[in-house]
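# Structural characterization, general
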Amino acid sequence: MDLKPRGARTADRMPAALSPRNASKRPMPESPRKTPGGPAEREKSLDEIYERIYVAILEHRLHPGTKLGEERLADIFGVSRARIREVLARLAHEQIVELFPQRGAYVAKPTIEQARDTFEARRLIEPAVLRRLVDTLTPEKINRLRSHVELEADARRRGDKRAIIRLSGEFHTLVAELAGNSALARSMRELCMLTCLTIFLYDAPTAKSCREDEHQTIIDAVARRDRARAEKLMLDHLDHIEGSLQLDQNNGEADLESIFRG
């Protein structure tokens, strides 16, 4: 007759690793690892890559016409080519990058006509942005604008041309963001980038395209809630920027009709 306790028989049938007497020798289970690539991390990665390319273009470190090779960018950022392709598609949607079948992606090169269209759009949009900003003005908004202009002044004192270019463009996008209309802010971001590319292409003297005091005088008018004055100053400001460009129709463009029909 088998007199072993029932519990002992069960223990005898257990694999050695699971036996109670070997419990102290069992390896502790590893805590589950967080696998990268979840939706939030993926979105963050896309935004970070987008922003780094955007700022490089804004600061003229990436020139118009520069090829943006998927494989090279994927290697630099440590991500897949598919992820780079998503970023480039987003930049292309905003007209910052041009995509060509079988050739790849290139930093956009606005034509003279596109440059003029950009300034025409800005003349329509920016006065409306200023009106909305004045109507929703708070001390905090004015402080943010004045702080930004201080950053611009500091960059000029240091002679940091890349920072000057970037901050000058960001002033206009900041005004749109503070006005509180997301559609206007998105449009201004795209238009400011196209302006930046246009300045690089058409030989604007960067230090003079945005005069040192013009942003400050616009802020002063906004602070006084003088909408008419703020709008006029903004339009004058845009005229000065466009006037510093070489946008004559014969700039580097051959008249093919006169060549072949003359």
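A short tour of the structure in this document, coming up. For clarity, every value in this text was computed on a predicted model and none was experimentally measured.

## Details of the overall build of the chain
A count of helical and extended segments in the chain gives 12 helices and 2 strands. For the chain, the succession of helices and strands along the chain, N to C, is α-α-α-α-β-β-α-α-α-α-α-α-α-α. Nonlocal contacts in the chain, meaning residues at least 24 apart in sequence, comprise 71% of its contacts between residues at least 6 apart. For the chain, the computed accessible surface area is about 16,100 Å², with 51% contributed by carbon and sulfur atoms.

## Considering unusual backbone geometry
The backbone phi angle of Q95 is positive, close to 65 degrees, even though this residue is not glycine. Examined against the element boundaries, Q95 turns out to sit in the loop between α4 (81-93) and β1 (97-100). Given the relative accessible area of 46%, Q95 is considered partly exposed.

## Re the side chain of E94
Counting through the fold element by element, E94 comes out in the loop between α4 and β1. With no salt bridge to any partner, buried E94 finds its closest opposite charge in R90, at an N-O distance of 4.1 Å. A polar atom in the side chain of E94 sits 2.5 Å from the side chain of Y50. In contact with E94, not counting residues within four places along its chain, are Y50 and E190.

## Concerning the pattern of salt bridges
According to the stated counting rule, one finds 19 salt bridges in the structure shown. A salt bridge links R166 to E59; the shortest N-O distance between them is 2.8 Å. Of this pair, R166 sits in helix α7 (residues 161-179) while E59 sits in the loop between α2 (39-58) and α3 (70-77), and the two are 107 residues apart along the sequence. On the basis of relative accessible area, R166 is assigned to the partly exposed category, the value being 22%. Given the relative accessible area of 12%, E59 is considered buried. With a shortest N-O distance of 3.2 Å, D75 and R72 are connected by a salt bridge. With D75 and R72 both in helix α3 and 3 residues apart, the pair spans about one turn of that helix. Relative accessible area serves as the criterion here: at 55%, D75 is assigned to the exposed category. Among the ionic contacts, a cluster of salt bridges with common partners joins E59, R61, R166 and E170.

Cut-offs used in this document
- Residues numbered from 1 in each chain as written.
- Predicted model: local features only at pLDDT ≥ 70, side-chain atom pairs only at ≥ 80, totals over all residues.
- Heavy atoms only, no water.
- Helix = DSSP H or I, 4+ residues; strand = E, 2+ residues; numbered from the N terminus.
- Contact = heavy atoms within 4.5 Å.
- Areas by Shrake-Rupley, 256 points an atom, 1.4 Å probe, with all protein chains shown as cover.
- Buried < 20%, exposed > 50% of the residue type's maximum accessible area, 1.4 Å probe, protein only.
- Lys, Arg positive; Asp, Glu negative; His and termini not counted.
- Salt bridge = Lys/Arg side-chain N within 4 Å of Asp/Glu carboxyl O.
- Polar contact = N/O pair within 3.5 Å; in protein donor to acceptor, adjacent residues only side chain to side chain.

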